[in-house]
Amino acid sequence: MNGPPGADRHTLDLAIIGAGPAGLAAAVTASELGLATAVFDEQFHPGGQIYRAIEDAPERAGAWLTLFGEDYARGLELVRRFRASTANYHTGHSVFDISPGGGLGVLGPDGARWIEARRVIIATGAMERPVAVPDWTLPGVMGAGAAQTLLKGAAMVPEGRTVIAGSGPLIYLVARQLRAAGGNIVAVIDTTPRSNYRRAAPLLARAMLAGNKEIRKGLSWRRDLKKATPIFRTGASGVRIEGRDAVEAISFSVAGRTERVECDLVLLHEGVVPNTQLAMAAGADHHYDLVQACWRPKTDAYGRSSDPAILIAGDGAGIGGAELASEAGHLAALGVAADLSQISQEDAAERAAPAFSKLAGKAALRRFLDTLYQPRDEVLVPPDDETLICRCEEVTAGELRRVAEMGCSGPNQAKAFTRCGMGPCQGRMCGLAAAAVLARASGRSFAEVGHMRVRPPIKPITVGELAALDGVGQPPDMGPLLPTGQEDGAGE
Amino acid sequence: MFKRLYERRRPVAFEFEGEEVISDEGDTLAAALLAHGVRQTREAPVSKNPRAAYCLIGVCFECLVEIDGRPNRQACMTQVRPGMKVRRQRAADGTEGGGAQ
């Protein structure tokens, strides 16, 4: 959609969505190159999730930066450069709509408006992969990253008996940080399958060349935790949450033996996946990445998507971590500057070279981590029929299997059958697992079954806020976002 | 459920289900409620089972609350304001997909 006639067209060269490492770096580079740039972010301070509350860190004294380590401290420099840039910074703003060609519906404290920029960089980062296990909807279950968010953003630690269960480097990082901050970690339950270690082993030597420090750091965290945590298990599977109105215990199996640990808080984590909501809403082409087990937008080396006006930078384009995300943001800004003839293609390539070589240098480490922490099948396709896949509309894996048997073709038709994906989260939490369950039940690949279509508004907005947009009487046309010739089974 | 590592810097008082909560300036509403020991934010739309924040980054919509009479507010995306009146999101408000539709 092009927005109502009253909208200012193209006064902005570049709109950046997200103020994490990719968005901040993109803003810094774009400003340096003289592009009129605006950054829209849902949070109230720059940094995204990884550098959340980084500007508070000095006020909270040195111990705070020590707790989060040098990777976190690196964010300070990036945020300072961003603050010193000429980019316009809009906090507390969510993007509720994006159209092919890059028109944005933006909702802030002062209401909703349409933004037209010549280019858009989506830098919305990653989210934790939802971990659908029996009774994961009980209060007292949250993502390990969520606990880290509370620690960084609000300086809060869990008070009760806390269990961390899952796979990936973050479980060790979070366990370590919570413990150091006074949390009571009663159990660390690592669900990385033993077979992953065998598959990753041949990749280790090259990964060490690329990231010796990172790997040694990870191993030392693990060693420390093993010593310090009363219950430390590896190779666990079959995680279940138990409780009536809130968590009372977690159970799991190791080598066929089931164990139960009583606790007050369970932190689940099975890696992170790109937050593709906006890229999908814009209609950008995506592909299913079998190794990272998620959908990723198709992009070129600079982050250009299938839509010429839209680029995607950072973890939202595929998981690489904060350091590489800021390189990707820098590259995307260079791509925009070249596309808008602010600099020549040759100039862009020259300025991009150091970032490309940094990305290439870390590729072997990424391959190793992706292989070691590749999600096991029970994470992708929750096996228990009673597990809720769609938390909002309360649709179980069993119901999805039943509609698959009835011939349901995929996640979009499953909406009509079950309402799966039609609640307020709009499929953010169930999208991957619902499609995977349907694919498995009908004997097709994840890629074949496809993903839920994402339809605006993708953030809560009232009819009043929509009506108050410039150009009232010409309400935004929601039609063109649906691919033509495809019947959407969802209805409204 | 969660405890603060630091003293409140600039206390902010608001109401949750009619009860006074003292939070800190800059807290998200979701963090303030967790620090106050609130276990449940929304009611599941179908079963009415208790639900609470899962992701805290604006993705899961489990922390939906009603703020000053407006339903479907994400507590994790909202900063506390003095005197705000917050209620749990009840199922009746959420059965048709909440405000996102």
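Structure: see above.
One structure accompanies this document, and this report is about it. (Residues numbered from 1 in each chain as written. Chains lettered and ligands numbered in written order. Predicted model: local features only at pLDDT ≥ 70, side-chain atom pairs only at ≥ 80, totals over all residues. Heavy atoms only, no water.)

1. Focus: the environment of A:A352
All names here are of chain A.
Line of reasoning, step 1. In this fold, A352 is placed in helix 9 (residues 345-372).
Line of reasoning, step 2. C-alpha separation for the pair A352 and H330, spaced 22 residues apart in sequence, amounts to 8.0 Å.
Line of reasoning, step 3. Aside from chain neighbours lying at most four places away, what touches A352 is Y302, L331 and L334. (Helix = DSSP H or I, 4+ residues; strand = E, 2+ residues; numbered from the N terminus. Contact = heavy atoms within 4.5 Å.)

2. Notes on the packing of helix 8 (residues 322-339) of chain A against helix 9 of chain A
All names here are of chain A.
Line of reasoning, step 1. Relative orientation of the contacting elements helix 8 and helix 9 amounts to 160°, with a least axis distance of 10 Å. The angle between the axes of helix 8 and helix 9 places the two elements in the roughly antiparallel class. At the point where helix 8 passes helix 9, the crossing takes the left-handed sense. In contact with E323, L324, E327, H330, L331, L334, A338 and D339 of helix 8, helix 9 contributes Q345, A348, R351, A352, A355, F356, K358, L359 and K362.
Line of reasoning, step 2. Residue classes in the contact of helix 8 with helix 9 are distributed as nine nonpolar, two polar and six charged. (Axes fitted to C-alpha atoms, helices over the stretch in contact; angles between N-to-C directions. Parallel < 35°, antiparallel > 145°, perpendicular 65-115°, else oblique. Left-handed = near helix turned anticlockwise from the far one by under 90°. Nonpolar A, V, L, I, M, F, W, Y, C, P; charged D, E, K, R; others polar.)

3. Examining the pattern of salt bridges
All names here are of chain A.
Line of reasoning, step 1. Using the criterion set out here, one finds 41 salt bridges over all chains in the structure.
Line of reasoning, step 2. Its salt-bridge partner being D377, residue R440 comes within 2.8 Å of it at the nearest N-O pair. Of this pair, R440 sits in helix 13 (residues 431-441) while D377 sits in helix 10 (residues 377-380); the two residues are 63 residues apart in sequence, bridging distant segments of the chain.
Line of reasoning, step 3. The partly exposed category is assigned to R440, whose relative accessible area is 42%.
Line of reasoning, step 4. D377 gets classed as partly exposed once you look at its relative accessible area, which sits at 40%.
Line of reasoning, step 5. The network of salt bridges with common partners includes D71, R74, K217, E323, E327 and K358. (Salt bridge = Lys/Arg side-chain N within 4 Å of Asp/Glu carboxyl O. Buried < 20%, exposed > 50% of the residue type's maximum accessible area, 1.4 Å probe, protein only.)

4. Looking at the sheet that holds strand 5 (residues 70-74) of chain B
Residue and element names in this part refer to chain B.
Line of reasoning, step 1. Read across the open sheet, the five strands follow the order 3-2-6-4-5; overall the sheet is mixed. With one partner strand each, in any of the chains shown, strand 3 (19-24) and strand 5 form the two edges of the open sheet. With strand direction ignored, the average angle separating the axes of adjacent strands in the sheet is 40°. (Pairing = 2+ DSSP bridges.)

5. Side note on the packing of helix 3 (residues 144-154) of chain A against helix 4 (residues 169-180) of chain A
Residue and element names in this part refer to chain A.
Line of reasoning, step 1. Running from amino to carboxyl end, helix 3 crosses helix 4 at an angle of 40°, the nearest separation of the two axes being 10 Å. Pair helix 3 / helix 4 crosses with left-handed handedness. Counted together, A144, G145, A147, Q148 and L151 of helix 3 and L170, L173, V174, Q177 and L178 of helix 4 form the full contact between these two elements.
Line of reasoning, step 2. Each residue belonging to the contact of helix 3 with helix 4 can be placed in one class, and the counts come to seven nonpolar, three polar and no charged.

6. Some points on the nonpolar core
Note that soluble globular proteins tend to have their nonpolar side chains buried in a common cluster.
Line of reasoning, step 1. By size, the foremost hydrophobic cluster in this structure holds 94 residues, and its most contacted members are A:I121, A:L178, B:F14, B:L29 and B:L56.
Line of reasoning, step 2. At nine residues, helix 8 of chain A tops the list of elements feeding residues into this core.
Line of reasoning, step 3. Core analysis: the second largest hydrophobic core is formed by 85 residues, A:F40, A:A236, A:M280 and A:A282 among them. (Core = buried A, V, L, I, M, F, W, Y, C linked by side-chain atoms within 4.5 Å.)

7. Observations regarding the pairing of strand 2 (residues 37-40) of chain A
Residues in a regular strand project their side chains so that they alternate between the two faces of the sheet.
All names here are of chain A.
Line of reasoning, step 1. Where burial is concerned, the two faces of strand 2 agree: the one with T37 and V39 and the one with A38 and F40 are both buried.
Line of reasoning, step 2. Direction of pairing for strand 1 (residues 12-17) relative to strand 2: parallel, over a ladder of four bridges. Note on strand 2: the bridge partner recorded for I17 is F40.
Line of reasoning, step 3. In this view, the connection linking strand 1 to its parallel neighbour strand 2 by way of helix 1 (residues 21-32) has right-handed handedness.
Line of reasoning, step 4. Across three bridges, the pairing between strand 2 and strand 3 (residues 88-90) is parallel. Within the sheet, the bridge partner assigned to A38 lies in strand 3 and is N88. (Right-handed = clockwise from strand over helix to strand, strands pointing away.)

8. Notes on empty space enclosed by the protein
Residue and element names in this part refer to chain A.
Line of reasoning, step 1. Applying the stated rule across the entire model yields four cavities of 30 Å³ or more.
Line of reasoning, step 2. Approximately 250 Å³ is the volume found for the largest cavity.
Line of reasoning, step 3. In terms of lining residues, the largest cavity is bounded by 19 residues, among which T276, G427, R428, G431 and L432 are the most central.
Line of reasoning, step 4. Elements that contribute at least two residues to the lining of the largest cavity include exactly strand 18 (272-274), helix 7 (277-281), strand 20 (294-297) and helix 13.
Line of reasoning, step 5. By residue class, the composition of the lining of the largest cavity is eleven nonpolar, seven polar and one charged.
Line of reasoning, step 6. Within the residue set of the lining of the second largest cavity, elements represented by two or more residues are helix 10 and helix 13.
Line of reasoning, step 7. In the lining of the second largest cavity, the residues fall into twelve nonpolar, one polar and one charged. (1 Å grid on protein atoms, 1.4 Å probe; cavity = no way out; pocket = protein on both sides within 12 Å on 5 of 7 lines; lining within 4 Å. Points joined across faces, edges and corners; volume = space filled by probe spheres on them.)

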